[in-house]
Amino acid sequence: MSSTNLEEILALQRSAMAVLLRSEAIARGDLPRALGEITEAAARVMGVRRASVWRVDETRTRIDCLDLFDAIERTHVDGAKIHAADAPQYFEAALTVRCIVADDARTDPRTCEFTKGYLEPHGITSMLDAPILVRGELVGVICHEHVGPARAWRPWEELAAGTLADVVGMAMTAAEHAAQSRELEGLRGNLEKLVEERTRELSESRDNVRALFATSPVALVLTKLSDQSVLMANERAAALFEVDADAARGTPATDFWVDPQDRMTMVERLRATGVLEDLEAELKASSGRRFWGNVSATALVFEGERALLVGVHDVTAKKLAEETLRQNEEVLRTMLEAAPIPLVVTGLDDAMLRFSNKRAADMFGTTVGELVGKRAPDFYENPDDRQTFISSLLGSGRVDDFAARLRARDGRTFWALLSARTMVLRSTRVFMVGFSDLTAQKEIEHKLRDLASMDGLTGAFNRRHFYEAASAAIVLSERRGRGSCIAILDVDHFKKVNDVHGHAAGDEALKMLTRVCQRECRSSDLLARYGGEEFVVLLPDANLEAARAVVERIRRALATEVVDAPTGAFAITVSGGLAERREGESLEALLARADEALYQAKRGGRDRIIAA
């Protein structure tokens with residue numbers, strides 16, 4: 001696939017994801033409609049005929065189809081069920097947090113159980129299933145079913161499937177929140193109705209008000225709206241404000257507020273809506289003791305006069321706890337900033353970055369403000385690396401010296417060594433991660449590997465690496481039912497080149513030959529310097545005719561190349577021996593036949609290719 005086609009596909013994916021993220025159905029918590037939109041988008045983005053969403057039941061022994069979309073018939077169906085007893089291998093694979101990537105679904109051990117009853121009747125050849133997570137728990141799968149010739153899924157398609165699964169999880173979460181909101185709204189409506197009924201009772205009878213005051217578990221105070229004086233207080237209020245209940249009558253209510261503006265805020269909100277809830281204000285007792293109160297109030301008519309019924313709950317302990325937590329978070333921020341290494345704090349369940357120091361932001365090429373709030377998986381080059389990292393963290397609560405390739409904001413990738421510890425912050429499970437940059441070390445390791453496998457003069461692979469790589473390539477070609485060929489090329493009269501033009505010119509001739517071979521060989525071919533002026537080429541997945549075409553192309557290309565030397569420009573020719581591998585033949589035997597063909601080419605007059 002060309003980069004242009006891939007960009008077009010990725011642009012389609014991003015466009016579809018953007019539409020889903022703006023979906024009104026997801027925002028409203030309308031799960032059936034949201035799933036319909038997601039399966040249609042999945043079919044379009046993944047280029048499949050059938051896309052579906054399945055939910056795991058509470059017993060985890062069955063999955064139920066919530067929506068299956070057929071892109072050809074433009075239909076949505078639901079209600080199908082798959083039991084673990086009928087497809088144990090699929091269930092074992094599906095109830096993990098990894099994608100099921102089945103290029104050939106009818107032979108893949110995880111999906112072949114559906115071949116007769118489902119895959120063949122529908123013409124399905126390939127499947128790509130991604131897990132759906134809600135609050136870190138697997139709740140279902142999104143399935144992409146390809147109809148037609150078997151399809152090899154690409155890595156970006158796995159990533160796209162995971163993204164679509166995340167959108168399904170978001171839709172399910174939104175639906176849960178919508179249901180909870182409706183329930184809370186009903187409870188709130190009942191509460192408001194109850195308050196209205198009690199308010200009417202208070203306005204009808206002062207005795208009823210006294211009874212309510214006496215039995216209420218909340219500190220209650222009734223005050224005039226006109227002059228803000230206390231009309232009545234129950235025993236709980238008297239104890240809270242350290243006054244006698246009877247003696248409190250006529251006392252200005254403002255005497256019990258530390259900041260008069262807080263009471264004015266309460267009155268203004270009551271005038272606007274008639275009801276006040278959850279106003280936190282600093283209050284004071286008659287002794288001068290200060291405390292924090294959660295204030296709720298409602299306006300009513302008492303004995304023909306407008307009044308306020310105020311309830312107060314002492315939340316001083318809660319405020320102190322919040323302040324302590326705030327201070328602890330400030331300490332955490334200070335520690336992060338003072339740390340000599342990059343550090344971040346991430347939610348264990350939502351993967352959201354909560355805190356970061358500047359060193360971490362610099363490492364990822366961004367600012368602290370832009371880094372906080374992002375999802376940690378977005379910074380991993382390979383999603384499987386993060387899954388392995390999190391699995392280790394969940395198992396022991398700590399991870400030490402975990403190497404992973406990360407991605408900066410500008411797309412640059414780098415290697416880092418990660419260490420992490422879990423902890424609890426605001427009743428939420430989080431973990432702190434420290435980073436150290438391994439990029440320079442990895443580059444050195446890569447260079448050392450290159451040096452160990454490359455010929456220092458020509459840049460071709462060396463003989464040792466050729467033997468290692470060629471054996472594996474031949475086995476792979478054999479598994480695919482295809483042949484392999486080997487060609488040995490030798491520079492004609494190379495000793496004369498060195499004698500006439502010098503060893504430096506001879507070296508340049510070998511480098512030029514290497515460049516020509518690399519240019520004319522296929523990308524799958526393996527070129528190595530076999531020794532001295534001899535080079536060997538492995539041509540996998542090629543018969544003798546195809547291999548001869550490549551080697552002859554190299555020989556002819558040399559006729560257009562010259563080597564500049566102080567003694568004058570000169571050209572070189574090569575002789576070559578070519579052999580096609582026989583069934584069961586070893587690499588050494590194949591090389592021996594190619595070498596014998598090379599000597600035939602030498603004896604036959606040089607500048608020619610002879611096949612064994």
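See the structure printed just above.
Note that the structure is a prediction, hence the values are computed from the model and not measured.

Parameters and conventions
- Residues numbered from 1 in each chain as written.
- Predicted model: local features only at pLDDT ≥ 70, side-chain atom pairs only at ≥ 80, totals over all residues.
- Heavy atoms only, no water.
- Phe/Tyr/Trp six-rings, centres within 6.5 Å; stacked < 30°, edge-to-face > 60°.
- Helix = DSSP H or I, 4+ residues; strand = E, 2+ residues; numbered from the N terminus.
- Buried < 20%, exposed > 50% of the residue type's maximum accessible area, 1.4 Å probe, protein only.
- Contact = heavy atoms within 4.5 Å.
- Pairing = 2+ DSSP bridges.
- Axes fitted to C-alpha atoms, helices over the stretch in contact; angles between N-to-C directions.
- Core = buried A, V, L, I, M, F, W, Y, C linked by side-chain atoms within 4.5 Å.

Peer 1: Would you take a moment to explain the packing of aromatic side chains for this structure?
Peer 2: Each aromatic ring pair is described using two quantities: the centre-to-centre distance and the angle formed by the ring planes. A full pass over the atoms with the stated rule returns nine aromatic pairs. Ring centres of F364 and F435 lie 5.7 Å apart, and the angle between their planes is 85°; this geometry places the pair in the edge-to-face category. On the criterion of sequence distance, the pair formed by F364 in the loop between α11 (358–363) and α12 (368–371) and F435 in strand β17 (residues 428–437) is long-range, its members being 71 residues apart. Ring-pair connections join several aromatic residues into one group, and the members of that group are F364, F379, F414 and F435.

Peer 1: Please clarify how unusual backbone geometry should be interpreted in this entry.
Peer 2: The phi angle of most residues is negative, glycine excepted, and most peptide bonds adopt the trans form. For R135, which is not glycine, the phi torsion reads 55° and is therefore positive. Looking at where R135 falls in the secondary structure, it is placed in the loop between β6 (124–134) and β7 (137–147). Residue classification places R135 among the exposed residues on the basis of a relative accessible area of 55%. Backbone geometry at R606 places phi at a positive 65°, although glycine is not the residue there. One can find R606 in the loop between α19 (587–603) and β22 (609–611).

Peer 1: Any chance you could explain the side chain of S356 here in plain terms?
Peer 2: Assignment of secondary structure puts S356 in strand β14 (residues 353–356). Given the relative accessible area of 8%, S356 is considered buried. When near neighbours in sequence (up to four residues on either side) are disregarded, S356 contacts L336, E337, L343, V344, A361, V368, L371 and V372.

Peer 1: For this particular structure, what's the right way to read the sheet that holds strand β16 (residues 413–425)?
Peer 2: One key point about sheets: their strands pair by backbone hydrogen bonds, in either a parallel or an antiparallel sense. The sheet built from five strands is open, its strands ordered β14-β13-β17-β16-β15 with antiparallel pairing. Every interior strand has two partners, whereas the edge strands, β14 and β15 (398–407), have only one. Shown here is a sheet whose adjacent strand axes are inclined to one another by a mean of 30°, direction ignored. In this sheet, β17 lies alongside strand β13 (residues 343–347) in antiparallel orientation, the contact comprising five bridges. Each bridged residue has a counterpart across the sheet, and for G347 the counterpart in β17 is V430. Helix α13 (residues 383–396) contacts β13, β15, β16 and β17 of the sheet and is inclined by roughly 165° relative to β15.

Peer 1: Whenever I open this one, the nonpolar core confuses me. Can you help?
Peer 2: Across soluble globular proteins, nonpolar side chains have a tendency to be buried as a group. Among the nonpolar cores identified, the biggest contains 35 residues, and I38, M46, I132, I142, V168 and M172 are the most heavily contacted of them. It is helix α6 (residues 155–204) that provides the largest number of residues to this core, a total of 11 residues. Not counting the four nearest positions on each side in its chain, I132 is found in contact with V53, W54, E137, L138, V139, G140, V141, I142, A165, V168, G169 and M172. Counting residues in each nonpolar core, the second largest holds 33 residues, with L489, L513, V563 and I572 among its members.

Such coordinate-based values are descriptive only and should not be taken to indicate function.
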